[in-house]
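Notes for the structure review
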Amino acid sequence: MKGLKPKRIILPVVFIGVFLLVVRKCSFHALPQEKLHSIKLDIEESYKNDTYQLTITNPVDCPNRFLLNCTDEKVSDFPPILLKAKADTTIRIIGQGNLKGKMKIHLKWGDPSLPIQAHSISQLPYPQHKRYQLLQGNNSNPTHNYGLSRYAFDFTMEIGDTVTSTQNGYVVAVIDGYKGWGSGDKWKPYVNQVMIYDTTSHLFTMYGHLMQDGSLVEAGQYVTVGQPIGLSGKTGQTTEEHLHFNVLKADKGKRGLQSYPLDSIGNYKVKTLERYQWMEN
């Protein structure tokens, strides 16, 4: 009996390998039909005696800025409104008619005037004695080379692995209703995530690409370092399961938040980190 020729063995194996790689990297998900919101703005409007009244309440445990504009051209633009955690304010406009439904309100996270009180984070975003590879670090291609994610970290966590908080603070944003993923920019808004605000350092930490229904916390909850907050996944703009971890500060720019550079994370100096190195908590 003649043995099989090497080419007849190698070619099918190579084909199967390429096929599996393509399937792993290509998304067959359709974009979600609707965008989910991390918080719901608390707004009350009324109109009486030719006076329009708008009350805005900051619904979360961190200071936030509110930008207002009106679709009625007769009404001039408003200066930004800064509200402390859970605070509210009321605006009254007299003699301009009923403006109910015409006021557009945009929230920007945090207060840029508060000084940042930390340059390091003592814990990695997963349980003690766990280790994962650094898939992508600071200021690197393909996705950590612009303002909002410039100093982010990607860890090779698998779907369902436990994500833990790196700081004490309040949960201010939770999205966990998405299930799809894809490689294009159009997938950026559709990522499951948890965001936590530290009232001492004034930093936000964001934990992204969580699995559908993978949040273990709720908005308004106070969490501590090392507490489980979610399950890692593969949602939003990505081609593989991993955890996207980003430290953010309030910024006066258009985005409202900016990625913040750390000196160290866990037991590691950030400047010495290399792609694909193992990092243990």
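Our subject in this report is the structure included herewith. Each chain has its residues counted from 1, running along the sequence as written. pLDDT decides what is reported in this predicted model: residues at 70 or higher carry local features, side-chain atom pairs at 80 or more are listed and counted, and totals for whole chains, interfaces and linings draw on all residues regardless. With hydrogens and water stripped out, all remaining heavy atoms of the structure feed into the side-chain values.

1. Remarks on the pattern of salt bridges
- Here, a salt bridge means any Lys or Arg side-chain nitrogen found within 4 Å of an Asp or Glu carboxyl oxygen. Within this structure, the stated rule accounts for three salt bridges.
- Where Lys86 meets Asp61, a salt bridge forms, and the shortest distance between an N and an O atom there is 3.8 Å. Taken as a pair, Lys86 in the loop between strand 4 (81-83) and strand 5 (88-94) and Asp61 in the loop between strand 2 (51-57) and strand 3 (64-70) lie far apart in primary sequence, 25 residues in all.
- For the salt bridge of Asp72 with Lys102, the shortest nitrogen-to-oxygen distance reads 3.9 Å. Note that Asp72 is positioned in the loop between strand 3 and strand 4 and Lys102 in the loop between strand 5 and strand 6 (103-109), a separation of 30 residues in sequence. Runs of H or I in DSSP of at least four residues are treated as helices and runs of E of at least two as strands, each being numbered from the N terminus.

2. Looking at the sheet that holds strand 5
- Pairing between strands requires that DSSP locate at least two bridges from one strand to the other. The strand order across the open sheet built from three strands is 1-2-5, with neighbouring strands paired in antiparallel fashion. In this open sheet, the two edge strands, each paired with only one partner strand, are strand 1 (42-48) and strand 5. The average angle at which neighbouring strand axes cross in this sheet is 15 degrees, direction not considered.
- Of the strand pairs in this sheet, strand 1 and strand 2 are connected by seven bridges, and their pairing is antiparallel. If you follow Glu45 over to strand 2, its bridge partner there is Leu54. Only C-alpha atoms enter the line fits that serve as axes; for helices the fit covers just the stretch in contact. Angles between N-to-C directions range over 0 to 180 degrees.

3. Re the nonpolar core
- If you look at the biggest cluster of nonpolar residues, it comprises 30 residues, and the most contacted ones within it are Phe153, Phe155, Ile265 and Met279.
- Taken together, the elements giving at least two residues each to this core come down to strand 8 (131-136), strand 9 (153-155), strand 11 (169-175), strand 13 (193-197) and strand 19 (243-250).
- Here the element with the most residues in this core is strand 19; it accounts for three residues. Each nonpolar core is a collection of buried residues, namely Ala, Val, Leu, Ile, Met, Phe, Trp, Tyr and Cys, held together in the definition by side-chain atoms within 4.5 Å. Three exposure classes are used, based on accessible area relative to the maximum for each residue type with a 1.4 Å probe and protein chains only: buried under 20%, partly exposed in between, and exposed over 50%.

4. What about the packing of aromatic side chains?
- Pairs were defined over the aromatic rings of Phe, Tyr and Trp, the Trp ring being its six-membered one, requiring ring centres within 6.5 Å. Orientation was assigned from the angle between planes: stacked under 30 degrees, edge-to-face over 60, tilted for the rest. On inspection of all chains with the given rule, the structure shows ten aromatic pairs.
- On the basis of an interplanar angle of 75 degrees and a centroid distance of 6.2 Å, the ring pair of Trp187 and Tyr190 is categorised as edge-to-face.
- We classify Trp187 as buried; its relative accessible area is 3%.
- What makes Tyr190 buried here is its relative accessible area of 9%.
- Here the aromatic cluster, defined as three or more aromatic residues joined through ring pairs, consists of Tyr126, Tyr132, Phe153, Phe155, Tyr207 and Phe245.
- Positioned above the aromatic ring of Trp181 is the side chain of Lys234, whose terminal nitrogen or guanidinium carbon lies 3.8 Å from the ring centre. Each ring is checked for a lysine NZ or an arginine CZ that lies within 6 Å of its centre and within 35 degrees of its normal; such an atom marks a charge sitting over the ring.

5. Observations regarding unusual backbone geometry
- Look at the link from Asn141 to Pro142: it is a cis peptide, with omega at 5 degrees.
- Mapped onto the elements of the fold, Pro142 is located in the loop between strand 8 and strand 9.
- Positive phi values are uncommon outside glycine, yet Asn49 reaches one of about 55 degrees.
- Structurally, the position occupied by Asn49 is in the loop between strand 1 and strand 2.
- Note on Asn49: relative accessible area 69%, which makes it exposed.
- Phi at Lys86 takes a positive value of approximately 65 degrees, unusual for a residue other than glycine.
- Judged by relative accessible area, Lys86 falls into the partly exposed class, the value being 47%.

6. Structural notes on the sheet that holds strand 22 (residues 268-269)
- In spatial order, the strands read 7-21-22; together these three strands make up an open sheet with mixed pairing. Whereas interior strands pair on both sides, the edge strands pair on one side only; in this sheet they are strand 7 (120-121) and strand 22.
- Pairing between strand 7 and strand 21 (residues 264-265): two bridges, direction parallel. Among the inter-strand pairings, Ser120 is bridged to a residue of strand 21, identified as Ser264.

7. Side note on the side chain of His202
- By secondary structure assignment, the location of His202 is in the loop between strand 13 and strand 14 (204-208).
- Polar contacts here mean pairs of N or O atoms no more than 3.5 Å apart (in protein, one a potential hydrogen donor and the other a potential acceptor; neighbouring residues in sequence count only if both atoms are side-chain atoms). Polar contacts involving the side chain of His202 include one to the side chain of Tyr197, which spans 3.2 Å.
- For this analysis, residues touch if any pair of their heavy atoms sits within 4.5 Å. Beyond its immediate stretch of four places on either side in the chain, His202 contacts Leu114, Pro115, Ile116, Gln117 and Tyr197.

Note that every value here comes from positions in space, so none of it alone points to a role or purpose.
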